[in-house]
Amino acid sequence: MSGSGYASTSLSTSKTSMMFGSGQPAAEDYQKEFLIEYGLEQKVQGITLDNTNSNNTFMHELEMLMMSIDKDFSAGDMHFRCFSHIINLGVHDFLFQLKLANNSYFEENDNVDDCDSNHTVETTNSEIEKCSCVTVGIEMLAPCIDCTTRWNSSCDMIDKGLKLEKALILLCDTNIDLQSFQLTDRDWSLLRTSVKYLRLFKSLSNILCGEKYITIPLVIIGFNMLIDKLEKSINDLNLRKNKSWAETSVERALQSAYIKLMKHYSKTNWIYCAILMFDPRHKQETFYLTPWGKEMAKWAIEKFEQIYRSRYYRIENNELEKSQSIDLDSDDEINPSSLFTSSDQKFSTSLDGKTVKENWRNEIDYYLSLKRADKNEDVLKWWQKYEHKFPNLSRMAKDFLSIQATSVPVERLFSRASLTIRKHRNSLGKSTARQLLCLNSWTSLNQFSVFKLST
């Protein structure tokens, strides 16, 4: 979708390490085997990576390598951090404080085996478990595995566990092998109190992990809404009198999660804020609806304008000028006042008589003057519809909106690749494998109609 030939590149940490190593060697291999081989040296708009120290090194090394061959590359402005990974790190600290997770998984650990999100626990006591559910009158549910590399799995596991609470208690009471795993009333109370906060993390993570819609403008709004809810929850728990043990524990865990989220959020660049301007459903109005929006509005808008003016603005007699041209008279009347333009239509006449824009802000001002789009508007289709009115802004919008908010879609692609290139299909050539993966992606996105079958 890149309007001016830019491509948003997203790599996951674990897959980057497997393919290219880490740090400087990874940057060198990435430059040679990906950017140069596919002719993308000047087409990278952003690289979405997990939040590991090796990826910070990777970006800085790549910046120096690109500069050595006179290619424009900024490690600061082009490094986009996987926000679902940031949320996962916050959740991990939350669970660790509650002693519901061990501390073996840090952000530096990026070599964890993947596992199937739909995999369920198999047990020799399944029939006994089913009988327990029937006895207490609840539906039998297969419990989920709490898998480190499957974000939100802890929330899903606890949710199902609470639905099966009575059956699990009966199961442990009647099975001597499981009595050591019996949870106390205090444990169940902690799970009930904590799961409603885990649902907050899960809801935002699911939104940002989408691959069939634009996600990058949702980062600033969604993340700050999450921060607001955490701050309110911590404050409410802090002011509550006669708190239970579970509420005290959850308050401490929320504070730990909040600190971890803010630590990584502070490392993000201003491009995230500027990109919000490209969403016709939000534009600059959204900045002024919240306290945090007002704080970042000035810098975000300045960054947006600076990038537009330096990289995208072109003085040309485009369709915007045609659409804003002044109708000197109508069919049934003469209107002398039509000779005067309004204050926000700043045009001048050049020596050769062609009308040109006097101010680089004209296209931006016209875009901002339009009514905001409906909340259900498809952002890319909106820019496609209005690209003749905003030729410069539309190129910039398509470039930046192609950046992914998370590395999850790429992780899914690697999972699909492992299903396509299996051990009994190890003779597949790279071209055939690429075509199969593309077909899989296009059909899942309902893009198969682009192929016209000859009759």
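Residues numbered from 1 in each chain as written. Predicted model: local features only at pLDDT ≥ 70, side-chain atom pairs only at ≥ 80, totals over all residues. Heavy atoms only, no water.

Looking now at the overall build of the chain. For the chain, the helix and strand inventory stands at 19 helices and 5 strands. With the model as given, the accessible surface of the chain reaches about 25,200 Å², and the carbon-plus-sulfur share is 52%. (Helix = DSSP H or I, 4+ residues; strand = E, 2+ residues; numbered from the N terminus. Areas by Shrake-Rupley, 256 points an atom, 1.4 Å probe, with all protein chains shown as cover.)

At a minimum axis distance of 10 Å, the contact between helix α16 (residues 379-386) and helix α17 (residues 391-401) shows a crossing angle of 160°. One element, α16, and the other, α17, form an angle in the roughly antiparallel class. Handedness of the crossing formed by α16 with α17: left-handed. Across the interface between the two elements, V379, L380 and W383 from α16 touch L393, S394, A397 and L401 from α17. (Axes fitted to C-alpha atoms, helices over the stretch in contact; angles between N-to-C directions. Parallel < 35°, antiparallel > 145°, perpendicular 65-115°, else oblique. Left-handed = near helix turned anticlockwise from the far one by under 90°. Contact = heavy atoms within 4.5 Å.)

Among all positions in helix α7 (residues 153-163), only S153, S154, C155, I158, D159, G161 and L162 are buried. In the core, the buried residues of α7 are packed alongside α5 (83-97), α8 (165-174) and α9 (185-208). (Buried < 20%, exposed > 50% of the residue type's maximum accessible area, 1.4 Å probe, protein only.)

So, about the packing of aromatic side chains. Taken as a whole, this structure holds 18 aromatic pairs when the rule is applied. Considering the side-chain rings of W382 and W383, the 5.0 Å spacing of their centres and the 80° angle between planes classify their relative orientation as edge-to-face. Aromatic pair W383 and F390: ring centres 6.2 Å apart, planes at 70°, arrangement edge-to-face. The same class applies to W383 and to F390, which are both buried. Grouped by ring-pair contacts, the aromatic residues Y366, Y367, W382, W383, Y386 and F390 constitute a single cluster. (Phe/Tyr/Trp six-rings, centres within 6.5 Å; stacked < 30°, edge-to-face > 60°.)

Next up on the list: the state of the cysteines. Taken as a whole and judged by the stated rule, the model has 0 disulfides. Take C82: it sits in no disulfide, and the sulfur closest to it among the cysteines is that of C209, at 6.7 Å. (Disulfide = S-S within 2.5 Å.)

Attention shifts here to the nonpolar core. Buried together is how nonpolar side chains tend to be arranged in soluble globular proteins. Among the nonpolar cores identified, the biggest contains 75 residues, and F94, I216, F278, W383, L393, F400 and L401 are the most heavily contacted of them. No other element matches the 10 residues that helix α10 (residues 218-239) contributes to this core. Apart from the residues lying within four places of it in its own chain, the contact partners of F94 are S194, Y197, L198, V250, A253, L254 and A257. Counting 16 residues, the second-largest nonpolar core is a separate cluster that includes L40, I47, F58 and A75. (Core = buried A, V, L, I, M, F, W, Y, C linked by side-chain atoms within 4.5 Å.)

Let us now look at the side chain of T286. Position of T286 among the secondary structure elements: in the loop between α12 (271-275) and α13 (291-312). For T286, a relative accessible area of 9% puts it in the buried group. Within polar-contact distance, the side chain of T286 engages the side chain of H282 at 2.9 Å. Apart from the residues within four sequence positions on either side, T286 is in contact with I221, L276 and R372. (Polar contact = N/O pair within 3.5 Å; in protein donor to acceptor, adjacent residues only side chain to side chain.)

Side-chain pairs of opposite charge can arise whenever the charged atoms involved come near each other. Under the defined criterion, the tally for this structure stands at 13 salt bridges. Taking the shortest distance from any N to any O, the salt bridge between D77 and K303 comes out at 3.3 Å. Here D77 is found in helix α4 (residues 75-78), whereas its partner K303 is found in helix α13, with 226 residues between them in sequence. The class of D77 is partly exposed, set by a relative accessible area of 30%. Here R240 makes a salt bridge to E247, at a shortest N to O gap of 2.6 Å. The exposure class of R240 is partly exposed, given its relative accessible area of 37%. (Salt bridge = Lys/Arg side-chain N within 4 Å of Asp/Glu carboxyl O.)

Averaged over the chain, the pLDDT score is 77; the fraction of residues at 70 or greater is 76%. Contacts of residues 105-124 to residues separated by more than four positions or lying in other chains number 37 contacts, the stretch itself having pLDDT below 50. In this model, residues 335-358 is a region of pLDDT below 50 whose contacts with residues beyond four sequence positions or in other chains number 33 contacts. (pLDDT = per-residue confidence, 0-100.)

The subject of this paragraph is the environment of Q31. Residue placement: Q31 occurs in helix α2 (residues 23-36). Distance in space between the C-alpha atoms of Q31 and M66 is 8.0 Å, their sequence separation being 35 residues. Setting aside residues up to four positions removed in sequence, Q31 forms contacts with I36, L62, L65, M66 and I69.

As a further point, take the environment of A433. On the secondary structure map, A433 appears in helix α19 (residues 430-444). Judged by relative accessible area, which is 8%, A433 ranks as buried.

Once that is clear, we can look at the packing of α13 against α17. Two elements in contact, α13 and α17, have axes separated by 11 Å at closest approach and are oriented at 110°. The pairing of α13 with α17 is recorded here as roughly perpendicular in orientation. In this structure, α13 meets α17 at a crossing whose hand is right-handed. Across from F304, I307, Y308, R311 and Y312 in α13, the residues of α17 making contact are N392, L393, R395, M396, D399 and F400.

So, about helix α3 (residues 53-68). Given a rise of 1.5 Å per residue, 16 residues ought to cover 22 Å, and the 23 Å separating the end C-alpha atoms of α3 matches this to within 8%. Within α3, the full set of buried residues consists of N55, N56, F58, M59, E61, L62, E63, L65 and M66. Looking one or two places after α3, you find D70, whose phi comes out positive at around 60°. (Expected span 1.5 Å × (residues − 1).)

Quick look at unusual backbone geometry now. Unusually for a residue other than glycine, D70 sits at a positive phi of about 60°. For D70, the location among the structural elements is in the loop between α3 and α4. The phi torsion at N242 lies on the positive side, around 55°, for a residue other than glycine. Position of N242 relative to the elements: it lies in the loop between α10 and α11 (245-265).

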